[in-house]
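Summary of structural features
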Amino acid sequence: MTAGLPSALTEIASGCTNCGLCVRECSFLQKHGTPKAIAYEYEALQDSVPTTTFACHLCGLCTAVCPQPIDPANLFLTMRQEAFAHGIAEFGEHSALRSYENIGTSKRFTWYGLPDQCTTIFFPGCSLSGTRAKTVQETFSYLQQQIPALGIVLDCCTKPSQDLGDHKHFTKMFTALKNNLLTHGVTTVLTACPNCYKVFSTYAPELKVESVYTTLNRLELPEQPQHSEYITVHDPCVARFDESSQTAVRELLWKQGLTIREMPHSKKRTLCCGQGGGVGMLFPESAAQWSHKRLAEAEQQRIVNYCASCTQVFAAQTKSHHILDLLFQPDATLRGKIKGSKAPLTYLNRLRLKRHMQHNVPAAVSFTRQDNAERQTRTAVVVKKSLLICAIIAIIVIVHNSFV
């Protein structure tokens, strides 16, 4: 067994009382049993039950509602790591997510732009950079006015590898990222992605980590027209214990004149959008079930998110906005004019964003990642195919517009 699994199994086997509170909230547990039952089953069957834990969204709702001081979500993640370490967790369905991560850590897509005397950087994350590159530019530009020596880092925190059980690769890649920052005197990281916030907060104790929403809530934002709209807020499951971001997001929306109607499950008890833990790749019906449950709670109200991925999930079925769009382009956002890009355009957006930052950030230190060489050949093929598709789409759009 891997080092962490025996203690995780013991914690749940001895601490879970089978009270059923988590089971009533979670469709995964309704199918597979209480955390205690799953722990005992794993000890009895070992390697024959690797897929069970990959049906869990790792959303942490079980931990949030548990009356005991235990963390069932950690057990399910540790079980994934055990399965991966034994070579029984390499599912072909996960290849797209792994390729996405490899692209995000490649030399072509990464960039560290650190001005002279830079101690604070903005880390927008992969999803926001791809779906909303212009929003990242506007957010960074505003932050630059408040923090003149602010730097920017376009990189991936490699949380997908961690969630899929590849702790060895995650540790290698995130440690390299962290060391890049520490070596160049960075002490503070402002994150826009809740996943990145959790990774930095958990695995980079040497750094001060703050969500950009908490930062923006302290600053005097550009004056915008007030909007008397009713909205609801979706707290990403990865941010269920991040009270600072939860509060900041709501206060920023109140300052815009928006009225919030909370869903039955919010903040600490929030629901997953359906895509947590990469479950949708192996069990798409489970992902859809969670998404539909969340949409039902929203009751057709506008959903405001502070996770770019969640924003895209809900946008396919209802009015779903990212809070940064609302802060910097409120009128266009509420009119439905601001929409997130979809793959493969997301890759082109990230390259354009990198080029924009290279031209507009007065970087005294500028470099890309060099520590992912063993995966670069495969990544390069994916990148070239994605960019070729983007080029074809662009040509089609240009030709179409010329005849309109």
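This is a predicted model, so every value here is computed, not measured.

1. A look at the environment of valine 65
Looking at the secondary structure, you find valine 65 in helix H6 (residues 61-65). Between the C-alpha atoms of valine 65 and cysteine 22, which are 43 residues apart in sequence, the distance is 6.2 Å. If we ignore the near neighbours within four places in the chain, the residues touching valine 65 are Leu21, Cys22, Glu25 and Arg269.

2. As for the sheet that holds strand S10 (residues 365-367)
Pairing is mixed in the open sheet, where 6 strands are placed in the order S5-S4-S2-S3-S1-S10. Two strands bound the open sheet, and with one partner strand each, they are strand S5 (208-211) and S10. The mean angle between the axes of side-by-side strands here comes to 20 degrees, regardless of whether they run parallel or antiparallel. Strand direction decides the pairing type here: strand S1 (residues 111-114) and strand S3 (residues 151-154), joined by 3 bridges, are antiparallel. Along S3, the bridge assignment pairs tryptophan 111 with leucine 154. Sitting on the sheet, helix H10 (residues 133-146) touches strand S2 (120-123) and S3, and the angle it makes with S2 is about 165 degrees.

3. Some points on the pattern of salt bridges
The tally for this structure, following the rule as stated, stands at 11 salt bridges. Across the pair glutamate 25 and arginine 269 runs a salt bridge, and its minimum N-O distance is 2.6 Å. Taken together, the residues glutamate 25 in helix H2 (residues 21-25) and arginine 269 in the loop between strand S7 (259-260) and helix H16 (279-282) connect sequence positions 244 residues apart. Owing to a relative accessible area of 13%, glutamate 25 belongs among the buried residues under this scheme. The shortest N-O distance in the salt bridge between arginine 250 and aspartate 235 comes to 2.7 Å. Note that arginine 250 is positioned in helix H15 (residues 243-255) and aspartate 235 in the loop between strand S6 (230-234) and H15, a separation of 15 residues in sequence. An identical accessibility class is assigned to arginine 250 and aspartate 235; each is buried. Through salt bridges with shared partners, one network takes in Asp235, Arg250 and Glu262.

4. Things to note about the side chain of serine 291
By secondary structure assignment, the location of serine 291 is in helix H17 (residues 284-298). Not counting the four nearest positions on each side in its chain, serine 291 is found in contact with Cys273, Gly274, Val313, Phe314 and Gln317.

5. Focus: the environment of alanine 287
Looking at the secondary structure, you find alanine 287 in helix H17. The spatial distance from the C-alpha of alanine 287 to the C-alpha of cysteine 56 is 10.0 Å, given a sequence separation of 231 residues. Sequence-distant contacts of alanine 287, that is, excluding residues within four places in its chain, are made with His57, Cys273, Gly274, Gln275 and Gly280.

6. Here we look at the confidence of the model for the protein
When pLDDT is averaged along the protein, the result is 90, and 89% of the positions lie at 70 or above. For residues 397-404, every residue scores under 50 in pLDDT, and the model assigns this stretch 0 contacts once sequence neighbours within four places are set aside.

7. So, the layout of surface pockets
Quantified by volume, the second largest pocket comes out at close to 290 Å³. Within the residue set of the lining of the second largest pocket, elements represented by two or more residues are helix H18 (308-315) and strand S9 (320-322). Take the lining of the second largest pocket: its biggest share by element is 3 residues, from H18. For the lining of the second largest pocket, the residue count by class is 5 nonpolar, 6 polar and 6 charged.

8. Here we look at the sheet that holds S7
Taken in spatial order, the 4 strands of this open sheet run S7-S6-S8-S9, and their pairing is parallel. On the outer flanks of this sheet lie S7 and S9, each paired with one strand and no other. Bridge count between S6 and S7: 2 bridges; the pairing is parallel. Residue pairing for S7: tyrosine 230 is matched across the bridge by threonine 259. Against the sheet, H18 engages S6, strand S8 (302-305) and S9, with an angle of about 160 degrees to S9.

9. Regarding unusual backbone geometry
Put simply, alanine 343 and proline 344 share a cis peptide bond, and its omega is 5 degrees. In this fold, proline 344 is placed in the loop between helix H20 (330-334) and helix H21 (345-360). Phi is positive for glutamate 299, close to 50 degrees, though the residue is something other than glycine. In this fold, glutamate 299 is placed in the loop between H17 and S8.

10. A word on the packing of aromatic side chains
In the structure shown here, the tally under the stated rule is 11 aromatic pairs. Between tyrosine 112 and phenylalanine 367, the ring centres sit 4.5 Å apart and the planes meet at 15 degrees, which makes this aromatic pair stacked. Separated by 255 residues along the polypeptide, tyrosine 112 in strand S1 and phenylalanine 367 in strand S10 bring together distant segments of the chain. We classify phenylalanine 367 as buried; its relative accessible area is 18%. An aromatic cluster is present here, built from Phe123, Phe170, Phe174, Phe200 and Tyr203 joined pairwise through their rings. When the ring centre of tyrosine 230 is taken as origin, the NZ or CZ atom of arginine 261, which lies over that ring, is 3.9 Å away. If you follow arginine 350 out to its NZ or CZ, it ends over the ring of tyrosine 100, 5.4 Å from the centre.

11. What about the packing of helix H12 (residues 167-183) against helix H13 (residues 194-203)?
Packing of H12 against H13 leaves a shortest axis separation of 12 Å and a crossing angle of 85 degrees. The orientation of H12 relative to H13 falls into the category roughly perpendicular. Of the residues in H13, those in contact with His167, Phe170, Phe174, Leu177, Lys178 and Leu181 of H12 are Val199, Phe200 and Tyr203. When the residues that make up the contact of H12 with H13 are grouped by side-chain class, the tally is 7 nonpolar, 1 polar and 1 charged.

Quick notes on the rules
- Note that residues are indexed from 1 along each chain, following the sequence as it is written.
- Only residues with pLDDT of at least 70 get local features here, since the model is predicted, and only at 80 or more are side-chain atom pairs given and counted; chain-wide, interface and lining totals rely on the full set of residues.
- Calculated side-chain values reflect all of the structure's heavy atoms, with hydrogen atoms and water omitted.
- Comment: elements are numbered from the N terminus, with helices defined as DSSP H or I runs of at least four residues and strands as E runs of at least two.
- Every residue pair with non-hydrogen atoms within 4.5 Å of one another is taken to be in contact.
- Pairing between two strands is assigned when DSSP locates at least 2 bridges connecting them.
- Angles run from 0 to 180 degrees between N-to-C directions of axes, and those axes are lines fitted to C-alpha atoms, restricted for helices to the stretch in contact.
- By convention in these notes, a salt bridge is any Lys or Arg side-chain nitrogen within 4 Å of a carboxyl oxygen on Asp or Glu.
- Type-normalised accessible area, obtained with a 1.4 Å probe on protein chains alone, sets the label of each residue: buried when under 20%, exposed when over 50%, and partly exposed for intermediate values.
- A residue's pLDDT is simply how confident the predictor is in it, with values from 0 to 100.
- Put simply, the grid is 1 Å and covers the protein atoms alone, a cavity is a trapped set of points that fit a 1.4 Å probe, a pocket is an open set with protein on both sides within 12 Å along at least five of seven lines, and lining residues have an atom within 4 Å of a point.
- Grid points are joined across faces, edges and corners, and a volume is the space filled by probe spheres set on the points.
- Put simply, Ala, Val, Leu, Ile, Met, Phe, Trp, Tyr, Cys and Pro go in the nonpolar bin, Asp, Glu, Lys and Arg in the charged bin, and everything else, Gly too, in the polar bin.
- Whether two aromatic rings pair depends on their centres lying within 6.5 Å, for rings of Phe, Tyr and Trp, where Trp uses its six-membered ring; planes under 30 degrees apart make the pair stacked, over 60 edge-to-face, and the rest tilted.
- Over a ring means this: the NZ of a Lys or the CZ of an Arg is within 6 Å of the ring centre and within 35 degrees of the ring normal.
- Here roughly perpendicular refers to angles of 65 to 115 degrees, roughly parallel to angles under 35, roughly antiparallel to angles over 145, and oblique to all remaining angles.

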